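Reading the structure
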Amino acid sequence: MNEHGSSPAPDRGAMAQGLMQMITGFWPAQVLFAAHDLGLFQALADGPATAEALVERLGLHPDAGPRLLAAAAGLGLVERRGDAFANAPHVDAFLVRGR
């Protein structure tokens, strides 16, 4: 309560931040699930590949494929190696069949 007997105004920034965390909290999981379901991690099991090669191999949309790779790289699921992408070590260990 403040000096006038009412509660202080809520912090709108903190409230907005909490809502945004709820709204966007599933995005990393969606990237992981999409990459796994589309076979990205399995495709990279034998070594790095370019975005163009992965789009072709996995039948990805030519615009959406590179966006998925960029999101996966941003989350640390894959690593950029020059013009190519490779599985991050933890992904290779746990999300590639037969490892």
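Computed from a predicted structure; not experimentally measured. (Residues numbered from 1 in each chain as written. Predicted model: local features only at pLDDT ≥ 70, side-chain atom pairs only at ≥ 80, totals over all residues. Heavy atoms only, no water.)

All right, on to the overall build of the chain then. Across its full length, the chain carries six helices and three strands. Mapped from its N terminus to its C terminus, the chain presents α and β elements in the order α-α-α-β-α-α-β-β-α. For 99 residues, the compact-globule formula gives about 13 Å, and the C-alpha radius of gyration of the chain, at 20 Å, lies well above that figure. Considered along the principal axes of its C-alpha atoms, the chain spans approximately 70 × 30 × 25 Å. Looking at the chain as a whole, 25% of its 99 residues are labelled buried. If you take every contact in the chain between residues at least 6 apart in sequence, the share linking residues at least 24 apart comes to 48%. When the accessible surface of the chain is split by element, carbon and sulfur atoms take 59% of a total near 6,700 Å². (Helix = DSSP H or I, 4+ residues; strand = E, 2+ residues; numbered from the N terminus. Rg over C-alpha atoms; globule rule 2.2 N^0.38 Å. Buried < 20%, exposed > 50% of the residue type's maximum accessible area, 1.4 Å probe, protein only. Contact = heavy atoms within 4.5 Å. Areas by Shrake-Rupley, 256 points an atom, 1.4 Å probe, with all protein chains shown as cover.)

This part covers the packing of helix α2 (residues 27-37) against helix α5 (residues 64-74). Between α2 and α5, the shortest axis-to-axis distance is 10 Å and the interhelical angle comes to 125°. Looking at the two axes, α2 sits oblique to α5. Judged by the twist between their axes, the crossing of α2 over α5 is left-handed. From α2, V31, A34 and A35 reach across to α5, where they touch L68, A71 and A72. (Axes fitted to C-alpha atoms, helices over the stretch in contact; angles between N-to-C directions. Parallel < 35°, antiparallel > 145°, perpendicular 65-115°, else oblique. Left-handed = near helix turned anticlockwise from the far one by under 90°.)

Turning our eyes to something else, we now look at the nonpolar core. In this structure, L40, F41, L44, L54 and V78 are the most contacted members of the largest nonpolar core, which totals 19 residues. Sorting the residues of this core by element identifies α2, α3 (40-43), α4 (51-58) and α5 as the ones contributing at least two each. (Core = buried A, V, L, I, M, F, W, Y, C linked by side-chain atoms within 4.5 Å.)

Side chains of L19, M20, M22, I23, F26 and W27 sit close together on the surface and give an oily, nonpolar patch of about 680 Å² of accessible area. Looking at the nonpolar patch element by element, the count peaks at four residues for helix α1 (residues 12-24). Inspection of the secondary structure puts M20 in helix α1. (Patch = residues over 30% accessible without salt bridge, like charges linked within 9 Å, V, L, I, M, F, W, Y side chains within 5 Å. Salt bridge = Lys/Arg side-chain N within 4 Å of Asp/Glu carboxyl O.)

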